[in-house]
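Here's the letter readout for the chains.
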Amino acid sequence: MQRQYPIGTPGVPWGKTEKQQWLERQSVKRSYNDEVVSQIEQLKHAFETTEYGQLHYQTQDYTLYALTTSHWNENNPTVLVTGGVHGYETSGVHGALHFASTQAKKYEEQYNFIILPCLSPWGYETINRWNPDAIDPNRSFYDNSPAQESALATQFVLQKSNNILCHIDLHETTDSDNSEFRPALAARDGKENHNWNIPDGFYLVGHTQKPAAEFQKCVIEEVKAVTQIAPSDINNQLIGVPIEQFGVINYDGTALGLCMGMTNAPYVTTTEVYPDGKNATPESCIVGQVAAICGALKFLQSNSRPSY
């Protein structure tokens, strides 16, 4: 039997009081400045570093940073890499930073890069899926977004480039999705909670409007060389969604307000690393994220670019 979430009344959506109670239960567990901003500072020699926004919350203000190609070529298509939309998904943040520090320069003659390593710094510090307003930034990429994180990222990206070829959004699926975040979501919305089976390994979420099966397959093949790909469950599903191919499911990223739906890029994917696997380490999770980006770029290099 699933436990009742400790905030709110079953079947009744949260109001301001319950959201404040939830916020008061959160605490800082790690430092955005020490663990993320410090690494961005070390990349200033290789990238143009932009402060693209400020998050203003009752607990603290945060500066948001973008890394972009220093010698920007308007004739090249742009590859967008986003991490930390869900701040608790650690390897998304550090995978983006590790790609920037070790791999991005190899591709800069062909592509411009926009790298947003950590869209949700408060979520990073408190190891949280939501922002302090109990809003999920990864369901908030649409016009007049209620999430500052989503609105500021979208504004910056679309002003920087209208030639985005590919977007890789780096995420994790964790055991805490079932122990904390899905129960909290059900309580917040006054609904019954239904947990899903946590996939044992890496998988991708493509966009139903532009699934790009061969693109997704190329990413999976690259990641398979460094970490386990999640097998489907007995229903031939991952997180309750039928698989499209080995290691790949599809969501309508635009309709759901997902980060991967924020641009018109023809090639988009959301990575999902499993950091709680018995053989997983922080390092292996980061390596998996970097392999996914490199797999996407491998596909782009081998296929003709669509016209804009």
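Residues numbered from 1 in each chain as written. Predicted model: local features only at pLDDT ≥ 70, side-chain atom pairs only at ≥ 80, totals over all residues. Heavy atoms only, no water.

Undergrad: Sorry if this is basic, but what is going on with unusual backbone geometry here?
TA: Glycine aside, residues mostly have negative phi, and peptide bonds are mostly found in the trans state. Located in the positive-phi region is Ile 127, a residue other than glycine, with phi close to 55 degrees. Residue Ile 127 is classed as partly exposed on the basis of its relative accessible area, which comes to 35%. Positive phi values are uncommon outside glycine, yet Ala 134 reaches one of about 60 degrees. Inspection of the secondary structure puts Ala 134 in the loop between helix H4 (121–126) and helix H5 (148–160). (Buried < 20%, exposed > 50% of the residue type's maximum accessible area, 1.4 Å probe, protein only. Helix = DSSP H or I, 4+ residues; strand = E, 2+ residues; numbered from the N terminus.)

Undergrad: How should the layout of surface pockets be read in this particular structure?
TA: In this approach, a probe sized like a water molecule rolls over the atoms, and the result shows the empty space that is left. By volume, the largest pocket is sized at about 480 Å³. Along the walls of the largest pocket sit 20 residues, with Arg 139, Arg 182, Leu 185, Arg 188 and Asp 189 positioned nearest its centre. Counting residues per element, the lining of the largest pocket draws most heavily on helix H6 (residues 176–189), at 7 residues. When the residues that make up the lining of the largest pocket are grouped by side-chain class, the tally is 8 nonpolar, 3 polar and 9 charged. (1 Å grid on protein atoms, 1.4 Å probe; cavity = no way out; pocket = protein on both sides within 12 Å on 5 of 7 lines; lining within 4 Å. Points joined across faces, edges and corners; volume = space filled by probe spheres on them. Nonpolar A, V, L, I, M, F, W, Y, C, P; charged D, E, K, R; others polar.)

Undergrad: What am I meant to see in the packing of aromatic side chains here?
TA: Centre-to-centre distance and the angle between the planes together describe a pair of aromatic rings. Counted according to the given criterion, the structure contains 12 aromatic pairs. Directly above the aromatic system of Phe 47 lies the positively charged group of Lys 105, at a separation of 5.5 Å from the ring centroid. Positioned over the ring face of Trp 72 is Lys 160, at 4.5 Å from the centre of the ring. (Phe/Tyr/Trp six-rings, centres within 6.5 Å; stacked < 30°, edge-to-face > 60°. Lys NZ or Arg CZ within 6 Å of the ring centre and 35° of its normal.)

Undergrad: Even after reading the chapter, I still don't get the pairing of strand S9 (residues 248–251), so can you show me in this structure?
TA: Alternating positions in S9 separate into two faces, Val 248 and Asn 250 on one and Ile 249 and Tyr 251 on the other, with burial throughout. With 4 bridges joining them, strand S6 (residues 203–207) and S9 adopt parallel strand pairing. Directly across from Leu 204, in S9, lies its bridge partner Val 248. (Pairing = 2+ DSSP bridges.)

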